[in-house]
Amino acid sequence: MHTPKPSRRRLLAGGLAAVAGTIAGCLDGSVTGGPANDGDADRVLSLSLSDAGETLRDGAVVDPAETDTRWDDGAFAAARRGETHTTQFRTPFFSTPDDPTYAVHEGTYYRLSSVVVDEAAATRPVLRLFGVEDPETDEPEAADAEALPEGDRRAVEIAHFAARARDNAGGMPVGLVERGGYVYRDEEAVDASALLADDGPSRVTYRDIVYRVAVARERFYEPVYRAVAEPVAESPAEMEAILRARTVGARIDGDDLSADALEVIEAARHDGYEESHPYSDGYAEVLRAFHERPYLDGDVRNDGGVSESGADRIRYEDRYYDYRLRFLPAGDESP
C-alpha cells in the first residue's frame, strides 16, 4: 500500500470535488446514518488490482505436453478414451465444482472432474507425537527428524502441528492433520519409513522439541473416485469464453469512465487506492462499474464484501485484473 497522505481522498485530493451528502443519490442515510455505520470516519475502503494477464487460459488450463502431470496423466488419458480409471481417497485431479481443472489435448479442451463410485476399507499407519516432560532422562536418544527418510520428515512436520494444537488455540493445517497426527497413505513412504519399523526410534527431535513417537494402525473407510474428462471446447477462443463466463464479473471500457474514475483505477493498479466515507464521485463511479453497489447502496458494514456479480475479477481494456476491496483503519498501510 502506498504511504498515506493527509487528505481523505489519498490520491485525488484537489482533483475531485467533495461529496458530503450524496453520491449519485445512493448514500443518503443508508450509509452515514444509523448505528450500523458508526465509526466510518475512522476507516477507509481500500481497492487494489493485480494484473491477471491478457488470457485466462495461461493460468487455468493444463497442457500435458508441456507440464509435468504425473499426478493425473494416467487418469486423463484413460478418461479421454472412455476407460475406467479410479483412485482411492484422493481425487485424480485437483478439481472441485467451484474450482474446476481444465486440460487440453490435441486441440480439444476438457473439464476434469471425478465421481465417487465405491468405498474401500484400508488399514493405515498413523503417526502421533507427544511432548516429553523431561527430555534429559535415560530414554534412548531422540532421532533427528532431518535425518529421517523424506516421507518420515513430512509425517513428523504434520504430526508436530497436531501435537502443538493439543496445548493451545493456535490451530492446525486442516486437511493435512488426520486423527490427531499424520496418516501414511503412500506405500513407498511406508516401505522406506524408519519411524514405522519395529525397531524404529521411540523419540524424535523436531525444531529443538523432543517428542515421544506413537504409531497405531487404524481402519479407514475411503471413497473411490472415477476420473471424468468432459470435452467443453474445440478452440482457444471457446475455452477463453468459458473461463471468462465463469470467473469475470465486470467488463469495463475506459472510454465509458470519467477522468476521475480513470485516476482511481490507475492508482489501484499501481500502489492501491483508498478513501474514507463519504466517497468521491470518481470512487463511487468505479464501485458501480465493478458491480460493487453493496458498498454504496446498502448497509455497508454488513453488506460490503458481497459482490453483486459474485466475482472478484474484471476485464479492463485488453487485460484481466483480480481486485480486492476491504475496509482498513484510517492510516493503515497493510498490503
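Source: prediction; values computed, not measured.

Scoring rules and cut-offs
- Residues numbered from 1 in each chain as written.
- Predicted model: local features only at pLDDT ≥ 70, side-chain atom pairs only at ≥ 80, totals over all residues.
- Heavy atoms only, no water.
- Helix = DSSP H or I, 4+ residues; strand = E, 2+ residues; numbered from the N terminus.
- Buried < 20%, exposed > 50% of the residue type's maximum accessible area, 1.4 Å probe, protein only.
- Contact = heavy atoms within 4.5 Å.
- Areas by Shrake-Rupley, 256 points an atom, 1.4 Å probe, with all protein chains shown as cover.
- 1 Å grid on protein atoms, 1.4 Å probe; cavity = no way out; pocket = protein on both sides within 12 Å on 5 of 7 lines; lining within 4 Å.
- Points joined across faces, edges and corners; volume = space filled by probe spheres on them.
- Nonpolar A, V, L, I, M, F, W, Y, C, P; charged D, E, K, R; others polar.
- Pairing = 2+ DSSP bridges.
- Axes fitted to C-alpha atoms, helices over the stretch in contact; angles between N-to-C directions.
- Core = buried A, V, L, I, M, F, W, Y, C linked by side-chain atoms within 4.5 Å.

Draft legend 1. Seen up close, the overall build of the protein chain. What the protein chain contains, in helices and strands, is nine helices and 13 strands. For the protein chain, the proportion of its 335 residues judged to be buried stands at 40%. The contacts of the protein chain with a sequence gap of at least 6 include a subset with a gap of at least 24, amounting to 76%. For the protein chain, the exposed surface amounts to about 17800 Å²; the carbon and sulfur share of it is 46%.

Draft legend 2. Representation of the layout of surface pockets. Roughly 620 Å³ of internal volume is contained in the largest pocket. In terms of lining, the largest pocket is formed by 18 residues, of which the most central are Arg90, Arg154, Tyr182, Arg185 and Asp186. Broken down by secondary-structure element, the contributors of at least two residues to the lining of the largest pocket are β3 (86-88), α3 (150-167) and β7 (182-183). Broken down by element, the lining of the largest pocket gets its largest block of residues, four residues, from α3. Considering only residue class, the lining of the largest pocket consists of seven nonpolar, five polar and six charged. Of the pockets and cavities examined, the second largest pocket occupies roughly 290 Å³. Of all the secondary-structure elements, those providing two or more residues to the lining of the second largest pocket are α1 (57-60), β2 (61-62), β4 (101-105) and α5 (236-247). Broken down by element, the residue count for the lining of the second largest pocket peaks at three residues, all from α5.

Draft legend 3. Quick look at the sheet that holds strand β10 (residues 251-252). Read from one edge of the open sheet, five strands run β10-β12-β13-β1-β11, paired in mixed fashion. Two strands in the sheet have a free side with no partner beyond their single neighbour: β10 and β11 (273-275). The sheet contact formed by strand β1 (residues 43-53) and β11 spans three bridges and is antiparallel. Looking at β11, one finds that Leu45 is bridged to Glu275. Of the strands in this sheet, β1, β11, β12 (313-316) and β13 (319-329) touch helix α6 (residues 259-270), which is tilted by about 70° from β1. Running over the sheet, helix α7 (residues 281-289) touches β1, β10, β11 and β13 and is turned about 50° from β1.

Draft legend 4. Broad picture of the nonpolar core. Ranked by size, the top nonpolar core spans 26 residues in total, and within it Leu47, Leu49, Tyr283, Phe290 and Ile314 carry the most contacts. At the level of elements, β1, α6, α7, α8 (294-297), β12 and β13 are the ones that each hand at least two residues to this core. Excluding residues that lie within four positions of it along the chain, Tyr283 makes contacts with Leu45, Ser46, Leu47, Val264, Tyr273, Glu275 and Leu325. Counting 21 residues, the second-largest nonpolar core is a separate cluster that includes Leu129, Ile158, Ala159 and Leu196.

Shape descriptors only; they carry no functional weight alone.
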